[in-house]
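A structural walkthrough
Chain by chain, the residues:
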Amino acid sequence: MVRFLLSGDAPRSRILAVLLALVLVGLAFAPFIFPGVRALHTAATICIFILLVASYDLLLGYTGIVSFAHTMFFGLGAYGVALASVHMGRGWDALAVGTLAGALAATVLAWLIGLFSLRVRAIFFAMITLAVASAVAVLVSQLYQLTGGEDGLTYQIPRELTPAFRFGELFGVRLNGRLLNYYLVFFTCLALFLLLLRIVNSPFGRVLQAIRENDFRAEAIGYRVVVYRTAATCMSAAIAALAGSLYAIWLRYVGPDTTLSFEIMIDVLLMVVIGGMGTMYGAVIGATIFVLAQNYLQNLMGLAAEATAGLPLIPDLVDPNRWLMWLGVLFVLSVYFFPTGIVGRLRAGR
Amino acid sequence: MSEPILSLEAVETDIAQYHILKGVSLSVPRGQVTMLLGRNGVGKTTTMRTIMGLLRNKAGQIRFDGAEISGELASSRCRAGIGFVPEDMGIFSALTVEENMILAAVSGAPDRARLDWLFTVFPPLKTFWKAPAGTLSGGQKQMLSIARAMIEDRKLYLIDEPTKGLAPAIVSTMVGALRELKRQGASILMVEQNFAVARALGDHCVVMDDGRATWSGAMADLATDHALQERLMGLSMEAG
């Protein structure tokens, strides 16, 4: 059963299997194991970023395409839900229409970008995606009457997904719409992640890997490289848009900084590299470590500074205000020690 | 005499600013092995890549099985029945031997009987069926590369230096496999630097020099005429 769900793509490392199981259990029971608004928000963010990073891995790790437009697709999904909710009013229909419209818009845009630019060299494609993503970000900022500009949009989602909707208590945890919202995010991300695993382990996925290794050779054995690359770009964009829609449903707010910024694109790149490209499971490990570090490293450093208050120099070094520097150091070290990513290293060392 | 399976008429190809093929004309008879010979750098590999569609010819005609294919993509040429074994083998290292073979069977699942035949011709492929192709030795990679082209019945096989850099024992396995393919009536165009191999397999021969086909005829004629070899290729081949 597990093998079927994982499409025959076992973790191939005991440590990795344990880590993945820990993440799965941690996220599945997050509301009960880590009560509190902040912890739940962190767990939901991890779920969404696992999906976003996995969809990017389909592009970068499996097909060898470098794109800087991934957060643009993420943003299209998020703005789809936001705009539908603003204009159609609170309701499930607005969520459905917004999600579908966002995914469709992302797919069409990805298809157009792919059609016009996947024939060119990889570096030019990367530059084109960067230009398109920047243009969309500027457009969203300029069309403030529609998109709320830099302030973004706040909107209402169905009451069943908000904290106001309460229906009891379990193990001391209040059961409310926020919990339902979390499980909507969790199960949708899980299902889409398993779908991605299925895609990369299908014959289609094998062709993508062949293209990544040697596109000329793949063409010479009968595969239209540009068609496969475009298809992978569209799938990846659609799933990124769905992740964006989930983020919008979870946050009840969208803005350029939360969904379209280049910083998010860099974060996604780092998560793929740290986790391990072309592995899918790397997305799980990379996103979890990264989001946890982003949310808790500062607290951890605060505790360390307090504990070492009597010592010279060390409290200054671990001052919570220096958390970004240490985050950078951690990434440099992880790339240095795990050049194939954490998953690549774990699999090689079995 | 039947129409050749492949014919090139005054084909010219550039790579970047370099004019490599300067009007290649040759033909490959059906059901025969045609050897493409010549010194290094005369355009043999470029000719193969141009036929396969990996390089675009800027002039001339390429006719395959009666149809002009110059404008076709490499993938279309493959699906039309051309199997290509490149000089660099071109295997997909991260994929297993099995995945490499399945990918090459573009018209569907590989035929079981053909696969069994390939296992008898290249036994290591069966042994390492589930292993990543990147872990194979050089000879085994070459076997995989050739087997991949042979997994489906092709109208024409383009094979670029199949014995390059291989140990003598592996070379004899290769020759055995190609002889078996020849026995089945396959049409083959093959670049080969090892003259002993060329003589053992070739029926027909085309010699290239400076981006042109300068001589074509029976392999046996070239193999026995040392003066001709000297004139065409600058040295006499002492086939072992």
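Note that this is a predicted model, so its numbers are computed, not measured. (Residues numbered from 1 in each chain as written. Chains lettered and ligands numbered in written order. Predicted model: local features only at pLDDT ≥ 70, side-chain atom pairs only at ≥ 80, totals over all residues.)

**Thoughts on the overall build of chain B**
- A tally of helices and strands in chain B yields 10 helices and 10 strands.
- Its C-alpha atoms give chain B a radius of gyration of 17 Å, near enough to 18 Å, the size a compact globule of 240 residues would have.
- In terms of overall dimensions, chain B has a C-alpha envelope of 50 × 40 × 40 Å along the principal axes.
- Residues classed as buried in chain B amount to 44% of the 240 residues present.
- In chain B, the proportion of contacts linking residues at least 24 apart, taken out of those at least 6 apart, comes to 69%. (Helix = DSSP H or I, 4+ residues; strand = E, 2+ residues; numbered from the N terminus. Rg over C-alpha atoms; globule rule 2.2 N^0.38 Å. Buried ≥ 20, exposed ≤ 12 C-beta atoms within 10 Å, placed from the backbone. Contact = placed C-beta atoms within 7 Å.)

**Quick look at the overall build of chain A**
- If you tally the helices and strands in chain A, you get 18 helices and 4 strands.
- Relative to a compact globule of 350 residues, whose C-alpha radius of gyration would be 20 Å, chain A shows 21 Å and is just as compact.
- Considering only C-alpha atoms, chain A reaches an extent of 65 × 55 × 45 Å along its principal axes.
- Each of the 350 residues in chain A was classed as buried or not, and the buried ones make up 45%.
- Expressed as a percentage of contacts within chain A between residues at least 6 apart in sequence, the contacts between residues at least 24 apart total 71%.

**Looking at the nonpolar core**
- Formed by 176 residues in total, the largest nonpolar core has its most connected members in C47(A), I48(A), I50(A), V53(A) and L158(B).
- With sequence-adjacent residues up to four places away left out, I50(A) is seen in contact with C189(A), F193(A), A283(A), V284(A) and A287(A). (Core = buried A, V, L, I, M, F, W, Y, C linked by C-beta atoms within 7 Å.)

**So, the sheet that holds strand β9 (residues 204–209) of chain B**
Residue and element names in this part refer to chain B.
- Strand order in the open sheet formed by 6 strands is β6-β7-β8-β3-β9-β10, with mixed pairing between adjacent strands. The two strands at the open ends of the sheet, each matched to only one other strand, are β6 (82–85) and β10 (212–218). For this sheet, the mean inter-axis angle between neighbouring strands, taken without regard to orientation, is 15°.
- As paired strands, strand β3 (residues 33–37) and β9 are joined by 4 bridges and run parallel to one another. Counterpart to L37 in the pairing with β9 is V207. (Pairing = 2+ DSSP bridges. Axes fitted to C-alpha atoms, helices over the stretch in contact; angles between N-to-C directions.)

**Some points on helix α3 (residues 97–104) of chain B**
- Among all positions in α3(B), only V97(B), N100(B), M101(B), L103(B) and A104(B) are buried. One face of α3(B) carries all of its buried residues, which in axial projection span an arc of 160°.
- Buried-residue contacts for α3(B) involve α10 (203–213) of chain A together with α5 (123–127) and α6 (138–150) of chain B. (Arc of directions from axis to C-beta.)

**So, the interface of chain B and chain A**
- At the interface, 18 residues of chain B touch 14 residues of chain A.
- Of all the elements in the fold, those that place two or more residues in the side of chain B that touches chain A are α2 (74–80) and α3 of chain B.
- The greatest single-element share of the side of chain B that touches chain A, amounting to 4 residues, is contributed by α2(B).
- Grouping the constituent residues of the side of chain B that touches chain A by class yields 13 nonpolar, 3 polar and 2 charged. (Nonpolar A, V, L, I, M, F, W, Y, C, P; charged D, E, K, R; others polar.)

**Topic: the sheet that holds strand β4 (residues 57–64) of chain B**
Residue and element names in this part refer to chain B.
- A sheet is described by the order of its strands in space; here 4 strands give the open sequence β2-β1-β4-β5, paired in antiparallel fashion. Single-partner strands in this sheet number two, and they are β2 (18–28) and β5 (67–68).
- As paired strands, β4 and β5 are joined by 2 bridges and run antiparallel to one another. If you follow F64 over to β5, its bridge partner there is A67.

**Points about the pairing of strand β3 (residues 173–176) of chain A**
- With 3 bridges connecting them, strand β2 (residues 166–170) of chain A and β3(A) associate as antiparallel partners. Within β3(A), the residue paired with L170(A) across the bridge is V173(A).

**Comments concerning the pairing of β4(B)**
Residues and elements named next belong to chain B.
- Bridge count for strand β1 (residues 6–15) against β4 is 6 bridges, and the pairing is antiparallel. Residue pairing in the sheet places L6 in a bridge with F64 of β4.
- Hairpin remark: β4 followed by β5, antiparallel, with 2 residues in the connecting loop; positive phi at D65, about 50°.

**Details of the confidence of the model for chain B**
- With 97% of its residues at a pLDDT of 70 or more, chain B shows a mean pLDDT of 91.
- With a pTM of 0.89, the predicted complex shows an ipTM of 0.85. (pLDDT = per-residue confidence, 0-100.)

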